[in-house]
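Single-letter residue listing:
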Amino acid sequence: MVIGENNKSGDLEVNPVRAKATSNMRTQAKDEKLYLPPPKKMSVEELIGYMSEDEVIEVTPQSVRLRKLELDAGVRERAARTKKKQMDALKANAKGGKK
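This is a predicted model, so every value here is computed, not measured.

Visitor: Can you walk me through the overall build of the protein chain in this structure?
Guide: Of the regular secondary structure elements, the protein chain holds three helices and two strands. Along its sequence from the N terminus, the protein chain presents helices and strands in the succession α-α-β-β-α. The buried share of the protein chain, taken over its 99 residues, is 5%. The long-range share in the protein chain, meaning contacts at least 24 apart out of those at least 6 apart in sequence, stands at 26%.

See the structure below:
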């Protein structure tokens, strides 16, 4: 499930279920001031325009969610590397590099 937006390119792996360790006293006061904006409620049409090629839309009777096609981050990285290698091979063949 997609839980937020990132200003930088690429995906940021987070675990929303796991609690953050608060062993350092200086960071506890900073976390108390943390503001979380309410979640955006988007329609199916808005989600279609927002989603990436590696995401899917789940539609249930209670909600409409955006999530990754492959949930395991390691499998996603391997698939992205494989896809990049295939694209590089196609480009090389189009240029006539390998015969």
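Visitor: For this particular structure, what's the right way to read the side chain of lysine 68?
Guide: For lysine 68, the position within the fold is in strand β2 (residues 64-68). Among the polar contacts made by the side chain of lysine 68, one reaches the side chain of aspartate 54 at a distance of 3.0 Å. Beyond its immediate stretch of four places on either side in the chain, lysine 68 contacts Asp11, Asp54, Glu55, Val56 and Arg76.

Visitor: Would you take a moment to explain the environment of valine 56 for this structure?
Guide: In this fold, valine 56 is placed in strand β1 (residues 55-59). Once the C-alpha coordinates of valine 56 and leucine 66 are considered, the two residues, 10 residues apart in sequence, prove to be 5.9 Å apart. In contact with valine 56, not counting residues within four places along its chain, are Met51, Arg65, Leu66, Arg67, Lys68 and Leu69.

Visitor: What should I look at first to understand a nonpolar patch on the surface in this one?
Guide: Among the surface-exposed residues, Val44, Ile48, Val59 and Val64 lie close enough to one another that they form a single nonpolar patch of about 320 Å² accessible area. Examined against the element boundaries, valine 44 turns out to sit in helix α2 (residues 44-50).

Visitor: Would you take a moment to explain the confidence of the model for the protein chain for this structure?
Guide: For the protein chain, the mean per-residue pLDDT works out to 81, and 82% of the residues sit at or above 70. Between the elements of the protein chain, mean pLDDT differs from a low of 58, seen in helix α1 (residues 25-32), to a high of 92, seen in β1.

Visitor: What's the story with the pairing of β2 in this structure? I'm lost.
Guide: Here is the key point about a regular strand: its side chains alternate between the two faces of the sheet. Bridge analysis of β1 against β2 gives five bridges, and the strand direction is antiparallel. For isoleucine 57, the partnering residue across the bridge sits in β2 and is leucine 66. Between the end of β1 and the start of β2, which pair antiparallel, lie four residues.

Visitor: Before we go on, may I ask you to explain helix α3 (residues 73-95) in this structure?
Guide: Count 3.6 residues to each turn of an α-helix, and residues three or four apart come out pointing the same way. Here α3 contains 23 residues, and its C-alpha end-to-end distance of 33 Å stays within 8% of the 33 Å for a straight helix at 1.5 Å per residue. Positioned one or two residues after α3, glycine 96 has a phi angle of 85°, which is positive.

Thresholds, definitions, all that
Starting from 1, residues in each chain are numbered consecutively following that chain's sequence as written. The predicted origin of the model limits local features to residues at a pLDDT of at least 70 and limits the giving and counting of side-chain atom pairs to 80 or more, whereas totals for whole chains, interfaces and linings rest on all residues. As a rule here, side-chain values cover all heavy atoms of the structure and leave hydrogens and water aside. Under the scheme used here, helices are H or I runs from DSSP no shorter than 4 residues and strands are E runs no shorter than 2 residues, and both carry numbers assigned from the N terminus. Relative accessibility under 20% of the residue-type maximum defines a buried residue, over 50% an exposed one, and the middle range a partly exposed one, all with a 1.4 Å probe and only protein chains included. Contacts were defined at the residue level, with two residues in contact if any of their heavy atoms lie within 4.5 Å. Any pair of N or O atoms that falls within 3.5 Å is considered a polar contact. Within protein, one atom must be able to donate a hydrogen and the other to accept it, and sequence-neighbouring residues count only if both atoms are side-chain atoms. Each patch is assembled from residues with relative accessible area greater than 30% and no salt bridge, linking like charges that lie within 9 Å and nonpolar side chains (Val, Leu, Ile, Met, Phe, Trp, Tyr) that lie within 5 Å. Here the accessible surface of atoms and residues is derived via Shrake-Rupley with a 1.4 Å probe, and residues count as covered only by protein chains that are part of the display. By salt bridge we mean one thing: a side-chain nitrogen of Lys or Arg within 4 Å of a carboxyl oxygen of Asp or Glu. Per residue, pLDDT measures the predictor's confidence, with a range of 0 to 100. Strands pair, by our definition, only if DSSP identifies at least two bridges between them. Under the convention used throughout, the expected extent of a helix is 1.5 Å for every residue step, that is, one less than its residue count.

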